[in-house]
Amino acid sequence: MGLPIAPFAAGLFGPDAVIMKGITGANWRLQDYLDRGGYSALKKILAEKIPPEQLIAELKKSALRGRGGAGFPTGLKWSFMPKGYAGAKYLVCNSDEGEPGTFKDRDIMRYNPHILIEGMAIGAYAMGIPVGYNYIHGEIWDVYERMEEALAEAGAAGYLGQKILGSDFSFELYNHHGWGAYICGEETALLESLEGKKGQPRFKPPFPASYGLYGKPTTINNTETFAAVPWIITNGADAFLGLGRPNNGGTKIFSVSGDVARPGNYEVKLGTPFAKLLEMAGGMRDGKKLKAVIPGGSSMPVLPADIMMATDMDYDSIAKAGSMLGSGAVIVMDETRCMVKCLLRLAYFYYEESCGQCTPCREGTGWLYRMIDRIEHGKGKAEDLDLLNNVADNIQGRTICALGDAAAMPVRAFIQHYRAEFQHHIDHKQCLVPDYI
Amino acid sequence: MNAPLALSPAALARIDQAVAKYPSDQKQSAVMAALTIAQDEKGWLSTAAMDFVAQYLGMPPIAVYEVASFYTMYDLKPIGKCKLAICTNLPCALQGATAAAAHLKQKLGIGFGETTADGAFTLKEAECLGACGDAPVVLVNNKRMACAMTADKLDKLIEEMK
């Protein structure tokens, strides 16, 4: 048991870190968390018997938005749960992090697991939910084991289970692991998977708040979303909002990967300039020039360097620049990269991960992949670029879940911003960048 | 249905622990854990192993097959003693995974989806393992994430797992 993690200097996640403040890789245990002031939000709520409505109002005011990708206001989501409902209700944490470029929830869970537990316990209290599940990406088994240890610690110390800290509030929390399916990061696919089925998304509506796990009212939030909650309760909604920008409250953990000197997670205030984030990640590797950035995970539109260098990292600014903040996965590409090759790898991912339920996605992702493959390998035809956009059009918005959109959006953006590169492959029947890069 | 195949008492105890996480009328929720435990013990999931899990959890065998064939980390055919899955997705590829994958193929003398002649290694191409910051990453036997895998570290890993 336990992870082979070499401790690192506190502050690795950035000077403005809130969720990851003081984290050294070695101080993940309950006592460490308590020493950092952990569980004080939960204690305060239970001691002062703060009304659930007041907590939800506070969250709404904080402008905390879902950190998993959709950016939906958390307080609003919590308010959708039926009040006074007599039957079972569930709270689910989506830790099935598998969007290429995204690796923040892994660090939260392995380095600061109790902040997630506290955040979920507060959510359970606010929505009157007795049972929760934390669905963890199957590929990070060591993190699953760490969360199991953390749950055992929290339960033994009375922060989970029956009559928490001597109050009337009870909440049982369990970990559940996936076993290799990107689609289970989609919330209704995740619920199907939790029920012991293939992870194929459900039609919405009904939304999980009315028909969720086992058909019962359910709220699903991302790991980082829950992890932000204790700070908001302790410090107040205004303070959290003040960390970010209006409608973009708080800090956000950005997973920076690709051609940077120090790939890793950096927690910054929403609204921090991209240039500053790039600097935190050590700048470009080997002093190369920035070419392109996917600012929110592989599903989001790519943006050229000049646009990114003028953009701030918050939901609204990135949307204005023509992409989305998504999960906060920042994939950086330098001047040596072939955009066709980059898109080809992403297209293969969506082709591989389509669950096969909806025809436009099941068939369309294969068409996209095969067409980009032939362009990359010098067999593209003049009409292929328009055809790619046409296929993307026929996937997007025509499927049950957003995987189809996620496959289509990168294609359109890569062609929009780097059409000349695609055209060059077609005209000259070759790629200028060798395969081994 | 094939003849039922029994798992060890220790494995059954672990499955029972998983079952206890879910409401008593929702034993099926433990199917992913049960299949993982069965695979850990048997090396791969034969039809007999899946049938056993179906019987144990009171599920129709077809429902278990559906789950086992949907999630990529279940092996429905015998594999090598050590399974190495390297992520080659874009963020990893930008951080050296393409070269690392080529090194593994050359060193083991096999391609993706193949097993070495001595049955020691199976090599797989993985999609996002959720650890891009530590690229190149190799998932060893489903449960151990080997990080920042340079050619040197890959050689040591192969030596260790032989």
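The preceding data block contains the structure.
**Student:** Give a detailed account of the overall build of chain A, specifying residues and quantitative values.
**Tutor:** Looking only at helices and strands, chain A features 17 helices and 11 strands. For chain A, the C-alpha radius of gyration of 22 Å lies close to 22 Å, the compact-globule estimate for 437 residues. Structurally, chain A occupies a C-alpha span of about 75 × 45 × 40 Å along its principal axes. When contacts within chain A are restricted to residue pairs at least 6 apart in sequence, long-range pairs at least 24 apart make up 70% of them. Carbon together with sulfur atoms contributes 54% to the accessible area of chain A, which is approximately 15,600 Å² in total. Put simply, chain A has 45 plus and 49 minus side-chain charges, and the middle of one group is 2 Å from the middle of the other.

**Student:** How would you explain the pairing of strand β11 (residues 329–334) of chain A if you had to name every residue and give the values?
**Tutor:** All names here are of chain A. With respect to burial, β11 is a largely interior element, six of its six residues being buried. Residues of β11 alternate between two faces, with A329, I331 and M333 on one and V330, V332 and D334 on the opposite face, all of them buried. For strand β5 (residues 251–258) and β11, the ladder comprises four bridges, and the chain directions are parallel. Residue pairing for β11: G258 is matched across the bridge by V332.

**Student:** Would you mind going over helix α6 (residues 97–108) of chain B in detail, with residue names and values included?
**Tutor:** All names here are of chain B. For α6, which comprises 12 residues, the first-to-last C-alpha distance of 16 Å matches the rise-based estimate of 16 Å (1.5 Å per residue) to within 8%. Buried residues of α6: A97, A100, A101, H103, L104 and L108, and no others. Looking down the long axis of α6, one finds its buried residues gathered within 160° of arc, a one-sided arrangement. On its buried face, α6 is in contact with β1 (82–87), α5 (90–94), β3 (121–126), β4 (138–140) and α7 (151–161). Where α6 ends, the next residue or the one after it, G109, has phi of about 70°, a positive value.

**Student:** Account for the sheet that holds strand β2 (residues 131–136) of chain A, with residues named and values stated.
**Tutor:** Residue and element names in this part refer to chain A. Spatial strand order, β3-β2-β1-β4: four strands in an open sheet with parallel pairing. Strands at the two margins of the open sheet, each flanked by one partner only, are β3 (172–177) and β4 (218–222). Sheet twist, expressed as the mean angle between neighbouring strand axes with direction ignored, is 20°. In this sheet, β2 lies alongside strand β1 (residues 90–95) in parallel orientation, the contact comprising six bridges. What sits directly across from N94, in β2, is Y135.

**Student:** How would you explain the interface of chain B and chain A if you had to name every residue and give the values?
**Tutor:** Counting from both sides, the interface comprises 42 residues of chain B and, opposite them, 60 residues of chain A. Of the roughly 3,900 Å² buried between chain B and chain A, counting both surfaces, carbon and sulfur atoms make up 59%. Of all residues in chain B, K21(B), F70(B) and L94(B) give up the largest surface area on contact with chain A, accounting jointly for 18% of the area buried on that side. One can count five salt bridges joining chain B with chain A.

**Student:** Talk me through the nonpolar core; I want residue IDs and the actual numbers.
**Tutor:** Among the nonpolar cores identified, the biggest contains 131 residues, and F171(A), L35(B) and Y71(B) are the most heavily contacted of them. Residue contributions to this core peak at 10 residues, all from helix α6 (residues 113–127) of chain A. Filtering out sequence-adjacent residues up to four positions away, L35(B) remains in contact with L45(B), M50(B), V53(B), V64(B), V67(B), A68(B) and Y74(B). One finds I375(A), L385(A), V391(A) and V411(A) within the second-largest nonpolar core, a separate group that totals 35 residues.

**Student:** Before we move on, could you go through the pattern of salt bridges and cite the residues and values that matter?
**Tutor:** All names here are of chain A. Summed over the entire model, instances satisfying the criterion amount to 37 salt bridges over all chains. For K77, the salt bridge is made with E187, and the minimal N-O distance between the two is 3.9 Å. With K77 in helix α4 (residues 74–79) and E187 in helix α8 (residues 187–194), this pair connects stretches of sequence that are 110 residues apart. Residues K252 and E224 are paired through a salt bridge, measuring 2.7 Å at the closest nitrogen-oxygen approach. Taken together, the positions of K252 in strand β5 and E224 in helix α9 (residues 223–235) put the pair 28 residues apart, joining distant regions of the chain. This pair shows no difference in class: K252 is buried, exactly as E224 is.

**Student:** Hey, could you go over the side chain of D259(A) for me, with residue numbers and the actual values?
**Tutor:** Looking at the secondary structure, you find D259(A) in the loop between β5 and β6 (264–269). Of note is the side chain of D259(A), whose polar atom sits 2.9 Å from the backbone nitrogen of D334(A). With residues near it in sequence (within four places) discarded, D259(A) still touches G283(A), M284(A), R285(A), V332(A), M333(A), D334(A), R337(A) and L94(B).

**Student:** Explain the packing of aromatic side chains residue by residue, including any values.
**Tutor:** How two aromatic rings sit relative to each other is given by the distance of their centres and the angle of their planes. Applying the stated rule across the entire model yields 26 aromatic pairs over all chains. Between F169(A) and F171(A) the ring centres are 6.5 Å apart and the planes differ by 10°, which places this aromatic pair in the stacked class. Where W179(A) meets Y74(B), the ring centres are 6.0 Å apart and the plane angle is 35°; that geometry is what we call tilted. Linking W179(A) in the loop between β3 and α8 with Y74(B) in the loop between α4 (61–70) and β1, this pair reaches from one chain into another. Just as W179(A) is buried, Y74(B) falls in that class too. Among the aromatic residues, those joined into a ring-pair cluster are W141(A), Y144(A), W179(A), F70(B), Y71(B) and Y74(B).

**Student:** Please set out unusual backbone geometry residue by residue, giving values where relevant.
**Tutor:** Residue and element names in this part refer to chain A. Residue P206 follows P205 across a cis peptide bond; omega there is 0°. Mapped onto the elements, P206 comes out in the loop between α8 and β4. You will see that A63, though not glycine, has its phi angle at about 60°, which is positive. Accessibility expressed as a relative area gives 13% for A63, which makes it buried. Backbone geometry places L165, a non-glycine residue, at a positive phi of 50°. Counting through the fold element by element, L165 comes out in the loop between α7 (141–156) and β3.

**Student:** Any details on the sheet that holds strand β8 (residues 290–294) of chain A? Residues and values, ideally.
**Tutor:** All names here are of chain A. The sheet built from five strands is open, its strands ordered β6-β5-β11-β8-β9 with mixed pairing. Each edge of the open sheet is held by one strand with a lone partner, namely β6 and β9 (303–304). With six bridges joining them, β5 and β6 adopt antiparallel strand pairing. Note that in β6 the partner of T251 across the bridge is K269.

The rules behind each value
Residues numbered from 1 in each chain as written. Chains lettered and ligands numbered in written order. Predicted model: local features only at pLDDT ≥ 70, side-chain atom pairs only at ≥ 80, totals over all residues. Heavy atoms only, no water. Helix = DSSP H or I, 4+ residues; strand = E, 2+ residues; numbered from the N terminus. Rg over C-alpha atoms; globule rule 2.2 N^0.38 Å. Contact = heavy atoms within 4.5 Å. Areas by Shrake-Rupley, 256 points an atom, 1.4 Å probe, with all protein chains shown as cover. Lys, Arg positive; Asp, Glu negative; His and termini not counted. Charge placed at Lys NZ, Arg CZ, Asp CG, Glu CD. Buried < 20%, exposed > 50% of the residue type's maximum accessible area, 1.4 Å probe, protein only. Pairing = 2+ DSSP bridges. Expected span 1.5 Å × (residues − 1). Arc of directions from axis to C-beta. Axes fitted to C-alpha atoms, helices over the stretch in contact; angles between N-to-C directions. Buried area = accessible area lost by both parts, 1.4 Å probe. Salt bridge = Lys/Arg side-chain N within 4 Å of Asp/Glu carboxyl O. Core = buried A, V, L, I, M, F, W, Y, C linked by side-chain atoms within 4.5 Å. Polar contact = N/O pair within 3.5 Å; in protein donor to acceptor, adjacent residues only side chain to side chain. Phe/Tyr/Trp six-rings, centres within 6.5 Å; stacked < 30°, edge-to-face > 60°.

Function-wise, these values are silent; they only describe arrangement.
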